Amino acid sequence: MTRPIPHALACAILAMLCAATGALARDRTIVVAPDGSGDVRTVQEAFAAVPDNSPERTVILVKPGVYDGQKILHKEKKNVTLQGEAAATTILTWHANTNEEQPPGTDLRHKGTALVVLADDFRADRLTFRNTSGDHGQALALRIDGDRAVVTNSRLLGWQDTVMLNNGRHYFRDTYIEGRVDFIYGSATAVFDRCEIKSKNGGYVTAASTPAERKHGFVFIDSTLTSDPAPWVDPAGKIDAKAPTPLAFLGRPWRPHGAVAFINTTMGAHIRPKGWHNWGKPDNERTARYVEYNSRGEGADPGKRVAWSRQLSEAEARQYTVANILGGSDGWRPL
């Protein structure tokens, strides 16, 4: 007969197991603090410390501060969560565009980009990603090449090409994104859920390059389109400011089959009545997939939209769920 383990011994074993589990959990958490009070001082150092191809999630806690410099999360650094304390005080920034001389140490394959995410299953919360170069060239705050990224409660700040979603499926929720020219662009499938999208001095909100075989490109659900008509002012005074242009297009197709949908979105008066632009290529009007359902606000006028865009029926709009858009063959559920 097997003798029972004495109560005191059982408690000791349980305590050791809990301590070991806690140690493992701590090993998967990296604290970034610019004052040296954390594990590392920079976000890039934290990225380097993430185990390669780990099935476990590594949480990088980023303390308040301004973290300057280009940052790259390489492909093998999977399952990373970048967690700030508050978007207003935890800022990842860069100051160069693609036309400027790149500072030493820049990866020239990704010049003009503040944060490059090449890995799958990246998450970010309560952070600001920005590029301060201004309105005189491509200046990305964020580029994502991996799959299944989730960005919540954050801010993405820039002027031209603020966010490039180059591949994969991605989910943004309760996040603020601003820019002027094509500031949400790329070939990925992405849902923007309850986000504020601000057009600065007119321009184009989206520039989707969705492949023809992909059903969905960029889908905005229960979001709000706002504006700021003021042009960028060069702090050095070397570049003349553009003329104020208060009106913006919803998008133009970077590639012929670009797909964008606005579902239950409130649109400010800055949205042009025509809504969409063909990028100066009439052939795009036969292939681009631009749809809306229940757009509201002064910028919503279905009767004045270009004839080659489409208003969805209620039955069609019901199919635009996060699960249907992003699920894929692996049944991904972002939250």
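In the annotation of an unreviewed UniProt entry, the entry for the protein chain reads Pectinesterase catalytic domain-containing protein, and the organism field reads Pseudoduganella albidiflava. UniProt, in the comment section headed Sequence similarities (unreviewed entry), describes the protein chain in these words: "Belongs to the pectinesterase family."

Undergrad: How would you sum up the sheet that holds strand S14 (residues 169-173)? Please name residues and give values.
TA: A sheet is described by the order of its strands in space; here 11 strands give the open sequence S1-S2-S5-S8-S11-S14-S17-S20-S23-S25-S26, paired in parallel fashion. The two strands at the open ends of the sheet, each matched to only one other strand, are strand S1 (29-32) and strand S26 (310-311). Here four bridges tie strand S17 (residues 189-193) to strand S20 (residues 218-221), and the two strands are oriented parallel to one another. Looking at S20, one finds that Phe-192 is bridged to Phe-220.

Undergrad: Run through the sheet that holds strand S19 (residues 203-208), naming residues and quoting values.
TA: Reading across from one edge, S4-S7-S10-S13-S16-S19-S22 is the order of the seven strands in this open sheet, with parallel pairing throughout. Whereas interior strands pair on both sides, the edge strands pair on one side only; in this sheet they are strand S4 (71-73) and strand S22 (248-251). Across the sheet, the mean angle separating the axes of adjacent strands is 15° when strand polarity is ignored. One ladder, built from three bridges, connects strand S10 (residues 140-144) with strand S13 (residues 163-165); its direction is parallel. Looking at S13, one finds that Leu-142 is bridged to Val-163.

Undergrad: An account of the pattern of salt bridges is needed here, citing residue identities and associated values.
TA: Applying the stated criterion across every chain yields a total of 22 salt bridges. The shortest N-O distance in the salt bridge between Arg-148 and Asp-330 comes to 3.1 Å. Remark: Asp-330 occurs in the segment after helix H5 (322-326) and Arg-148 occurs in the loop between S10 and strand S11 (149-152); sequence separation between them is 182 residues. The exposure class of Arg-148 is buried, given its relative accessible area of 18%. With a closest N to O distance of 3.6 Å, Arg-173 and Asp-174 form a salt bridge. With relative accessibility at 22%, the residue Arg-173 sits in the partly exposed group. Using a relative accessible area of 32% as the deciding quantity, one classes Asp-174 as partly exposed. Look at the salt bridges and you will find they share partners, linking Asp-121, Asp-147, Arg-148, Arg-169 and Asp-330 into a network.

Undergrad: Pulling in residues and values, what's your account of unusual backbone geometry?
TA: Positioned with a positive phi, Asn-79 is a non-glycine residue whose angle comes to about 55°. One can find Asn-79 in the loop between S4 and strand S5 (80-84). Within the chain, Asn-201 stands out as a residue other than glycine whose phi angle is a positive 60°. The topology assignment puts Asn-201 in the loop between strand S18 (196-200) and S19.

About the criteria used
- Residues numbered from 1 in each chain as written.
- Predicted model: local features only at pLDDT ≥ 70, side-chain atom pairs only at ≥ 80, totals over all residues.
- Heavy atoms only, no water.
- UniProt positions renumbered as here; feature names shortened; annotations may be inferred.
- Pairing = 2+ DSSP bridges.
- Helix = DSSP H or I, 4+ residues; strand = E, 2+ residues; numbered from the N terminus.
- Axes fitted to C-alpha atoms, helices over the stretch in contact; angles between N-to-C directions.
- Salt bridge = Lys/Arg side-chain N within 4 Å of Asp/Glu carboxyl O.
- Buried < 20%, exposed > 50% of the residue type's maximum accessible area, 1.4 Å probe, protein only.

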